[in-house]
Amino acid sequence: MKQILLIGNPNCGKTTLFNRITGLNQKTSNLPGTTVEAYKGKIKIQGEDYQIIDLPGIYSLFSNTEYEQVVNKYLLGHSAGKPNLVVFVLDASNLRRNLLLYSQVAELGIPSAGILTMTDTANRRNITTNISHISKELGIPINGVNPRKDKNITSVLDIIKEAKTPKQLSTNPGFKERLELSLSGKKVKGSSEETLRRYADIDSVIKRLNDGNGIRLHFNTAKIDRCHPSCLGIGHISAHYASSFSRGFFIGRSSNGMD
Ligand SMILES: Nc1nc2c(ncn2[C@@H]2O[C@H](COP(=O)(O)OP(=O)(O)OP(=O)(O)O)[C@@H](O)[C@H]2O)c(=O)[nH]1
Ligand SMILES: [Mg+2]
């Protein structure tokens with residue numbers, strides 16, 4: 001049976017989506033780190049059976065916790081054979097941070113499809129996203145789904161059928177070997193430098209999306225007059241990025257995005 005891995009940052013809605021499409025009832029919560037092991041389920045797409053595996057949420061494949069190890073093992077085929085497909089869940093309210101993990105998974109070249117969740121949360125923070133622009137940048141089909149509310153799972157199944165080999169957002173020679181090495185539990189030399197390089201490549205993507213209206217932070221001057229940027233839900237952006245903020249360039253930077 002073909003194997004699909006459900007991958008993404010913590011708390012982006014993977015298990016809610018998994019439950020929705022498999023009919024199972026695994027634990028979900030709005031606390032990061034809810035899924036600590038791989039949940040397995042079965043789905044049928046156009047008459048074909050697939051095993052879908054809901055993995056723990058992580059920010060980067062490089063780290064020493066058991067969660068990254070679980071995800072690494074599945075991605076590299078050490079747990080259940082080589083995966084056929086990846087469904088990457090992207091949180092629309094934190095796209096930049098999500099793209100770090102995405103860029104690493106994309107570099108493995110597994111055919112992928114994307115599900116953009118949390119567009120409602122993003123909208124509340126005055127961020128809108130244009131799915132077709134994001135899909136073009138990443139080179140994979142993407143559908144926007146709110147797995148908490150949307151009962152119709154057809155759009156999820158349809159997009160899985162259209163999975164494509166992702167564009168590489170960042171190229172890092174020796175990446176796969178370093179990933180294999182990280183399975184030994186040792187801190188991999190050079191992974192922090194690699195993360196910084198990846199963020200530089202991701203910022204080019206974010207800038208193109210921003211310039212082409214793929215992501216837009218709507219300035220509500222009345223609110224801005226009254227509030228600090230944290231009122232717009234982007235208060236976690238470091239001062240380093242204040243100039244980007246003033247250009248209306250959305251970036252969801254968080255210290256959790258670094259390994
Ligand atoms: N507002 C909103 N909430 C959502 C959406 N999708 C999921 N949620 C909620 O987000 C919370 C986290 O969902 P989970 O499915 O547990 O997230 P997860 O990605 O599996 O989290 P980890 O297992 O920790 O990696 C739950 O309270 C869901 O109901 C969405 O599109 N919008
Ligand atoms: Mg989960």
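Residues numbered from 1 in each chain as written. Chains lettered and ligands numbered in written order. Predicted model: local features only at pLDDT ≥ 70, side-chain atom pairs only at ≥ 80, totals over all residues.

**Brief notes about the overall build of the protein**
Logical step 1: Each helix and strand counted, the protein has 10 helices and eight strands in total.
Logical step 2: When each of the 259 residues of the protein is scored for burial, the buried share is 39%.
Logical step 3: Contacts in the protein between residues far apart in sequence, at least 24 positions, make up 70% of those at least 6 positions apart. (Helix = DSSP H or I, 4+ residues; strand = E, 2+ residues; numbered from the N terminus. Buried ≥ 20, exposed ≤ 12 C-beta atoms within 10 Å, placed from the backbone. Contact = placed C-beta atoms within 7 Å.)

**Remarks on unusual backbone geometry**
Logical step 1: Phi at Q46 is positive, roughly 45°, even though this residue is not glycine.
Logical step 2: As for its position among the elements, Q46 is in the loop between β2 (39-45) and β3 (48-54).
Logical step 3: Within the chain, M118 stands out as a residue other than glycine whose phi angle is a positive 60°.
Logical step 4: Within the secondary structure layout, M118 lies in the loop between β5 (112-117) and α4 (119-124).

**Observations concerning the environment of V105**
Logical step 1: Within the element layout of this structure, V105 appears in helix α3 (residues 95-106).
Logical step 2: Counting along the chain gives 45 residues from V105 to S60, while the straight-line C-alpha distance between them is 9.3 Å.

**Details of the nonpolar core**
Logical step 1: Counting 56 residues, the largest nonpolar core has L5, L6, L17, V87, V89 and L90 as the members making the most contacts within it.
Logical step 2: It is α3 that provides the largest number of residues to this core, a total of six residues.
Logical step 3: For V87, the residues in contact, after removing those within four places along its chain, are I4, L6, A113, I115 and I160. (Core = buried A, V, L, I, M, F, W, Y, C linked by C-beta atoms within 7 Å.)

**Re the site of ligand 1**
Logical step 1: The immediate surroundings of ligand 1 are formed by 24 residues, with G13, T15, T28, T35 and G57 found nearest.
Logical step 2: Of all the elements in the fold, those that place two or more residues in the shell around ligand 1 are α1 (14-22) and α4.
Logical step 3: When residues of the shell around ligand 1 are assigned to their parent elements, the largest contribution, three residues, is made by α1.
Logical step 4: Across the shell around ligand 1, the residue classes tally to six nonpolar, 15 polar and three charged. (Near = placed C-beta within 6 Å. Nonpolar A, V, L, I, M, F, W, Y, C, P; charged D, E, K, R; others polar.)

Read these as layout, nothing more, since geometry by itself doesn't imply function.
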